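Each chain is listed here by its residues.
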Amino acid sequence: MSSGVAVDLQDMWIKFGDFVAVRDANVHINGGDFFSFLGGSGCGKTTILRAVSGFLEPADGKILIGGNDMKGKGPNERPTALIFQNLALFPLMKVWENITFSMEVRGASAGERRKRADELLDMIALSDQGDKLPSELSGGQKQRVAIARALCAEPDVLLLDEPLSALDLGLRHHMRTELREIQKRVGITFIYITHDQGEALTMSDNVAVMRTAVIDQIGSGKSVYDDPSTSFVASFVGMNNMFRGKVKSISKGQALVETNRTGNLLARITTGATGKLAVGDDAMVFIRPEGLHIAEKSAKSNTRIKANVRHSEFEGTSYNVFLEGDAGKEMKMSLVNRGEARLYEPGAELTLQFDATQAVVVPAGELASE
Amino acid sequence: MLTNYFKTNGMVMGWGLLLLVFFWIVILIILPQIYMFNLSFHPHLPPPEMGGPKDFLTLENYRYLVFGADGNPDGYNKVDLLVFIRTLTAAAFVTILDLFLCYPIAYYLGQSTGGGFVRILVLLLIIPYWINEILRAFAFKIIFGDSGVINEFLMFFSVIDSPIDFIRANVALYAGLGYAYILLMIFPMYNVIESLDRNQIEAARDMGAPWWMIHKRIVIPYAKPGISSGCTMVFMLSAGALAAPQILGGPSSLWFTQLVYQWFNTGGNWPQASAYAIILLLACLVIVLSVMKLFKVNMGDIGK
Ligand SMILES: Nc1ncnc2c1ncn2[C@@H]1O[C@H](COP(=O)(O)OP(=O)(O)O)[C@@H](O)[C@H]1O
Ligand SMILES: [Mg+2]
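Nothing here was measured: the structure is a model prediction, and the numbers come from that model. (Residues numbered from 1 in each chain as written. Chains lettered and ligands numbered in written order. Predicted model: local features only at pLDDT ≥ 70, side-chain atom pairs only at ≥ 80, totals over all residues. Heavy atoms only, no water.)

Caption draft 1: Empty space enclosed by the protein, seen in detail. Across all of its chains, the model carries three cavities of 30 Å³ or more by this definition. Of the pockets and cavities examined, the largest cavity occupies roughly 90 Å³. In this structure, the largest cavity is lined by Glu133(B), Arg136(B), Ala137(B), Phe140(B), Gly176(B), Tyr179(B), Ala180(B), Ala243(B), Ala244(B) and Leu248(B). Among the secondary structure elements, those contributing two or more residues to the lining of the largest cavity are α6 (133–144), α8 (171–180) and α12 (243–248) of chain B. Tallying contributions element by element places α6(B) first for the lining of the largest cavity, with four residues. Per-class residue counts for the lining of the largest cavity are seven nonpolar, one polar and two charged. Quantified by volume, the second largest cavity comes out at close to 70 Å³. Around the second largest cavity, the lining residues are Ala81(A), Leu82(A), Ile83(A), Leu87(A), Ala146(A), Arg149(A), Ala150(A), Ala203(B), Asp206(B) and Met207(B). Going through the elements one at a time, β6 (80–83) and α5 (139–152) of chain A together with α10 (198–206) of chain B are the ones with two or more residues in the lining of the second largest cavity. (1 Å grid on protein atoms, 1.4 Å probe; cavity = no way out; pocket = protein on both sides within 12 Å on 5 of 7 lines; lining within 4 Å. Points joined across faces, edges and corners; volume = space filled by probe spheres on them. Helix = DSSP H or I, 4+ residues; strand = E, 2+ residues; numbered from the N terminus. Nonpolar A, V, L, I, M, F, W, Y, C, P; charged D, E, K, R; others polar.)

Caption draft 2: The domain arrangement of chain B, seen in detail. We note that the domain assignment places domain 1 (1–33) and domain 2 (78–139 + 165–270 + 282–302) within chain B. Once you take the C-alpha centre of each, domain 1 of chain B and domain 2 of chain B turn out to be 30 Å apart. (Domains from an automatic or database assignment.)

Caption draft 3: Examining the site of ligand 1 more closely. All names here are of chain A. The local shell around ligand 1 consists of Phe 16, Phe 19, Ala 21, Gly 40, Ser 41, Gly 42, Cys 43, Gly 44, Lys 45, Thr 46 and Thr 47. The contact in question runs from an oxygen atom of ligand 1 to an N or O atom on the backbone of Cys 43, over 3.2 Å. In this structure, Thr 47 approaches ligand 1 through a side-chain N or O atom, which is 2.5 Å from an oxygen atom. With the chains in place, 57% of the 560 Å² that ligand 1 exposes on its own is no longer accessible. Sorting elements by how many residues they give to the shell around ligand 1 places helix α1 (residues 45–53) first, with three residues. Among the residues making up the shell around ligand 1, the classes are represented as four nonpolar, six polar and one charged. (Near = heavy atom within 4 Å. Polar contact = N/O pair within 3.5 Å; in protein donor to acceptor, adjacent residues only side chain to side chain. Areas by Shrake-Rupley, 256 points an atom, 1.4 Å probe, with all protein chains shown as cover.)

Caption draft 4: Examining the packing of helix α13 (residues 256–264) of chain B against helix α14 (residues 270–294) of chain B more closely. Residues and elements named next belong to chain B. Orientation of α13 relative to α14, taken along the N-to-C sense of each, is 160°, at an axis distance of 7 Å. Taken together, the axis directions place α13 and α14 in an arrangement best described as roughly antiparallel. Seen from above, α13 lies across α14 with left-handed handedness. Counted together, Phe 256, Thr 257, Leu 259, Val 260, Trp 263 and Phe 264 of α13 and Trp 270, Gln 272, Ala 273, Ser 274, Tyr 276, Ala 277 and Leu 280 of α14 form the full contact between these two elements. (Axes fitted to C-alpha atoms, helices over the stretch in contact; angles between N-to-C directions. Parallel < 35°, antiparallel > 145°, perpendicular 65-115°, else oblique. Left-handed = near helix turned anticlockwise from the far one by under 90°. Contact = heavy atoms within 4.5 Å.)

Caption draft 5: Highlighting unusual backbone geometry. Residue and element names in this part refer to chain A. Notably, Leu 87 is not glycine yet its phi reads approximately 70°, a positive angle. Here Leu 87 is to be found in the loop between β6 and α2 (95–99). Residue classification places Leu 87 among the buried positions, given a relative accessible area of 10%. (Buried < 20%, exposed > 50% of the residue type's maximum accessible area, 1.4 Å probe, protein only.)

Caption draft 6: Main features of the interface of chain A and chain B. With 22 residues of chain A at the interface, the matching set in chain B holds 17 residues. Of the roughly 1800 Å² buried where chain A meets chain B, counting both sides, 62% is carbon and sulfur surface. Broken down residue by residue, the surface that chain A buries against chain B is led by Phe55(A), Phe101(A) and Val105(A), which jointly contribute 25%. Between Arg217(B) and Glu97(A) there is a salt bridge whose closest N-O contact spans 3.7 Å. There are five residue pairs in polar contact (both at pLDDT 80 or more) connecting chain A and chain B. If you list the elements that add at least two residues to the side of chain A that touches chain B, you get α1, β6 and α3 (101–106) of chain A. Residue contributions to the side of chain A that touches chain B peak at four residues, all from α3(A). (Buried area = accessible area lost by both parts, 1.4 Å probe. Salt bridge = Lys/Arg side-chain N within 4 Å of Asp/Glu carboxyl O.)

Caption draft 7: Here's a closer look at the side chain of Glu162(A). All names here are of chain A. Residue position: Glu 162 is located in the loop between β7 (157–161) and α6 (169–186). A polar side-chain atom of Glu 162 sits 2.7 Å from a polar atom in the side chain of His 195. In this structure Glu 162 touches Lys 45, Gln 85, Ile 193, Thr 194 and His 195, once residues within four positions along its chain are discounted.

Caption draft 8: Structural view of the pattern of salt bridges. Going through the model one piece at a time under the given rule, you end up with 23 salt bridges over all chains. Here Glu119(A) makes a salt bridge to Arg116(A), at a shortest N to O gap of 3.1 Å. Here the residue Glu119(A) and the residue Arg116(A) both occupy positions in helix α4 (residues 110–123), the gap between them amounting to three residues, near one helical turn. Glu119(A) sits in the partly exposed class, given a relative accessible area of 41%. Where Arg211(A) meets Asp216(A), a salt bridge forms, and the shortest distance between an N and an O atom there is 3.0 Å. Residue Asp216(A) is classed as buried on the basis of its relative accessible area of 15%. Residues joined by salt bridges that share partners form a network here, namely Glu97(A), Glu104(A), Arg113(A) and Arg217(B).

Caption draft 9: Region of interest: the layout of surface pockets. All names here are of chain B. Of the voids in this model, the largest pocket is the one considered here, and its volume is about 710 Å³. Leu 99, Ile 227, Cys 231, Val 291 and Phe 295 are the residues nearest the centre of the largest pocket, which is lined by 21 residues in total. Those elements that place two or more of their residues in the lining of the largest pocket are α4 (78–111), α11 (211–239) and α14. Ranked by the residues each element gives to the lining of the largest pocket, the list is headed by α11, at nine residues. When its residues are assigned to classes, the lining of the largest pocket shows 16 nonpolar, three polar and two charged.

Caption draft 10: Summary view of the side chain of His42(B). Residue and element names in this part refer to chain B. Within the element layout of this structure, His 42 appears in the loop between α2 (11–39) and α3 (60–67). A polar side-chain atom of His 42 sits 3.3 Å from a polar atom in the side chain of Asn 38. A distance of 2.9 Å separates polar atoms of two side chains, one belonging to His 42 and the other to Asp 55. With residues near it in sequence (within four places) discarded, His 42 still touches Asp 55, Phe 56, Leu 57, Thr 58, Asn 61 and Pro 271.

Next comes the structure, spelled out in structure tokens:
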């Protein structure tokens, strides 16, 4: 699968006047990868994509596509095709003309274009819709037309700017699968931008998690979820219970943290945080809701938490228990539904436990705002 | 629609507005036109005899433009017909000139992200219109005159030896008319182009389209309603202009409106003047409608 064209950002800075939109980005994207940039709104995702496609020049650093420096090359000279956040279909051209616009630019005859359009329309399952105007299509159909239009240019790298954000939930889930399938079929590199972690985790080979203007972590969806480098990533990707405190001792890749409200907790120091924690440092421990269980007798005291049930939420395959620990510390526990006779009643007093290898500790830092 | 209209404006205000529009359209536009239209089919009579026994319906006033007075040795009214055709071609020329001049400006204004510079530019375009039409026309006469700024400049740098007669060559007239209606061309186009999604232009660029192709395939088709409404206004108004041709026109080039004016004023022949005015109006309408048909523009688009 390494047939595709790799993309590299090296020490890249992007500025608008004095405003730094992207700070020192270093990313290697394997050829043929489905790579996502995941981050909140306004963190600089679109800006990165526009720089890769050639609409913006970085203030500093390099962009390499297939090993070639793209400096000074315009959007038309790069082997990229960009799908805009609002799709930007041409409203006055028929669907088939939209799709083959890049061929029209190259001077292909109408017959050739029509033939290619029909092939692409087949691929996106819109066979008989070529003579419609974009305004006559549904949201999901427009989406697919935009993809076909970009693919028609035969780019080495397809850039997608939150292409699913305008669709309703059901369609969004369906299009995730479809996009991933299209990517596998054409085998080119996809760079995908989203603020939706579900999209990033399900579709991507690798994900870059962005905080405002900076990239905090790059890795597979699983490593970003299970092994976050920073407190931002831990709080942004997926739901997490966070406990603030100070490092009391460190041994064998684990740290004992004296938390402010929940006593001493033992947790694994993540790969990205290794070497960045010392005894006495401010730290944050993160435990996933699914990492909390009802304690067994053998549980050690530093992997145990006492809490009262506030309420429960039944979700079918699982149920969530919302808890209140010492000094009002709020927590959430997620349990697989095994057909228990009853859920935990509000007010019930529970002792929870967690596996120290599933709890992670990183230096205290910025959190993703809800 | 009407209920909504009354809801937003209130009963009193709503009826007031409707009455004003009605007054404007019927009393100020339709009635005088009907009067003129009717007049154009009557012979030229002193007022007391109008409607009297000597009055009758006739096409004579219209016939006159084509064949001239009875016993005309040429057979055709060559002088007036020539003026008529020249006026229409010149108006078309002015329209095209304005179109080419204004499209880039409108595009620039419409696609720029705003900011102080653009506002100053718009202001610079508007301010000259605070000065009245006659003064502007005379200003052009001065600029283009024998010892005007342009001739002086060219002679100073020895580009030419003797002044060029811009007035006789109608350069001053075209420039004056073109300038007079620039805003009417820019603003409708600007309005439409402003609403064009910049991403469409970028998408086309991304797919390798050169600038002229982006205009041909994306901007111009999108701006068509604005372009046609601008062209319609400029064409109608230049063909119907009076002051600028009067002041800037060369001695040998009459504008058709000047003929109308002569019939009304000097000649005192209102029926004949009415016939000429109506012919001009109809000719303009026919031209505009056929050009719209040719470029597949709908009437509804013009109001955009
Ligand atoms: N052309 C521009 N001029 C100035 N600031 C800009 C421009 N484009 C984007 N920005 C700023 O850069 C930051 C990142 O924007 P963007 O990349 O669009 O974010 P997102 O991650 O939501 O796609 C934002 O603060 C935005 O206001
Ligand atoms: Mg964006």
